[in-house]
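Below are the chains, spelled out letter by letter.
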Amino acid sequence: MVRAIYPGSFDPFHFGHLEIATRASKLFDEVVIAIYASPSKRLLFTTEERIDMVQNMLADLSNVSVVTYTGLTVECARKTNASVMVRGLRNLADFQAEQQLSWANHQLAEDIDTCCLYSSHELAYLSSTILKEVAALDGDYDQWTSPYVQQALRRAYASKNKSGS
Ligand code: ADP
């Protein structure tokens, strides 16, 4: 039985993340989406909102579950009894960052391996940052994430515009 975690901020979850999670669910017996509760980047959504959106988008995958964590990702992997960490690679910048992270994580936990999956080229440009930028400017982002997340983005930016922040 091989359990993998797929860690990230997922602020918010989009079709690029979904594609990696779906492919990982076929490669491993169990996949745990590990939502990093307090990354250094500024978040649009609370941890609870991010959990809710991930659960909604992954409802059809029976061997995928969701947890949140703070602290080291390797510790989260240990706590969830996962021996693999899945990451998605879009481009050279991702490759360099993930290679460095994987080397550092290997120093911290030799028993946990990183498995990188290439994004499909159709989704390689997509990031949560781009999604939020287009949503903030009221562009069209229906093709990038689920209707449930689209609604959450509309609500988030409607209340931001009202409060002027
Ligand atoms: P993090 O803050 O850890 O980078 P993200 O939510 O931005 O968290 O991304 C989580 C993981 O999903 C990372 O491995 C990232 O490379 C991958 N990822 C993000 N967008 C895509 C995409 N469009 N296609 C494939 N993988 C992606």
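Higher on the page you've got the structure.
An account of the accompanying structure is given in this report. Since we're looking at a predicted model, the values are computed, not measured. (Residues numbered from 1 in each chain as written. Predicted model: local features only at pLDDT ≥ 70, side-chain atom pairs only at ≥ 80, totals over all residues. Heavy atoms only, no water.)

1. Some remarks on the sheet that holds strand E1 (residues 3–8)
So, step 1. Read across the sheet, five strands follow the order E3-E2-E1-E4-E5 without closing on themselves; strand pairing throughout is parallel. Each of the sheet's edge strands pairs with one partner strand only, and the pair in question is strand E3 (64–69) and strand E5 (113–118). Across the sheet, the axes of successive neighbouring strands diverge by a mean angle of 30 degrees, strand direction being ignored.
So, step 2. Set on the sheet, helix H4 (residues 92–108) makes contact with strand E4 (84–89) and E5; between it and E4 the angle comes to about 165 degrees. (Pairing = 2+ DSSP bridges. Helix = DSSP H or I, 4+ residues; strand = E, 2+ residues; numbered from the N terminus. Axes fitted to C-alpha atoms, helices over the stretch in contact; angles between N-to-C directions. Contact = heavy atoms within 4.5 Å.)

2. Observations regarding the layout of surface pockets
So, step 1. For the largest pocket, the calculated volume is near 950 Å³.
So, step 2. Considering the residues around the largest pocket, the lining is formed by 43 residues, among which Pro7, Gly8, Lys41, Arg87 and Glu98 are closest to the centre.
So, step 3. Ranked by residues supplied to the lining of the largest pocket, first place goes to H4 with eight residues.
So, step 4. The computed volume of the second largest pocket comes to approximately 160 Å³. (1 Å grid on protein atoms, 1.4 Å probe; cavity = no way out; pocket = protein on both sides within 12 Å on 5 of 7 lines; lining within 4 Å. Points joined across faces, edges and corners; volume = space filled by probe spheres on them.)

3. Things to note about the side chain of Ser25
So, step 1. With respect to the secondary-structure elements, Ser25 resides in helix H1 (residues 15–27).
So, step 2. In this structure, Ser25 is in contact with Val31, Leu61, Asn63 and Val64, ignoring residues within four places of it in sequence.

4. Considering H1
So, step 1. Counted at 1.5 Å a residue, the expected span for H1 with its 13 residues is 18 Å, and the 18 Å between its end C-alpha atoms agrees.
So, step 2. Within the span of H1, buried status applies to Gly16, His17, Glu19, Ile20, Ala21, Ala24 and Ser25.
So, step 3. Those residues of H1 that are buried lie in contact with E1, strand E2 (30–36), E3, E4, E5 and helix H5 (128–136). (Expected span 1.5 Å × (residues − 1). Buried < 20%, exposed > 50% of the residue type's maximum accessible area, 1.4 Å probe, protein only.)

5. Some points on helix H2 (residues 47–57)
So, step 1. Those residues of H2 that sit buried are Thr47, Arg50, Met53, Val54 and Met57. On an axial view of H2, the arc spanned by its buried residues comes to 130 degrees, and they lie on one face. (Arc of directions from axis to C-beta.)

6. Focus on the pattern of salt bridges
So, step 1. Applying the stated criterion across every chain, the model contains eight salt bridges.
So, step 2. Between Lys132 and Asp11 there is a salt bridge; the shortest N-O distance is 2.8 Å. Of this pair, Lys132 sits in helix H5 while Asp11 sits in the loop between E1 and H1; the two residues are 121 residues apart in sequence, bridging distant segments of the chain.
So, step 3. Among the residues examined, Lys132 registers a relative accessible area of 15% and is labelled buried.
So, step 4. Overall, Asp11 belongs to the buried group, its relative accessible area being 2%.
So, step 5. Notably, a salt bridge pairs Glu19 with Arg23, separated by 3.4 Å at the nearest N-O pair. (Salt bridge = Lys/Arg side-chain N within 4 Å of Asp/Glu carboxyl O.)

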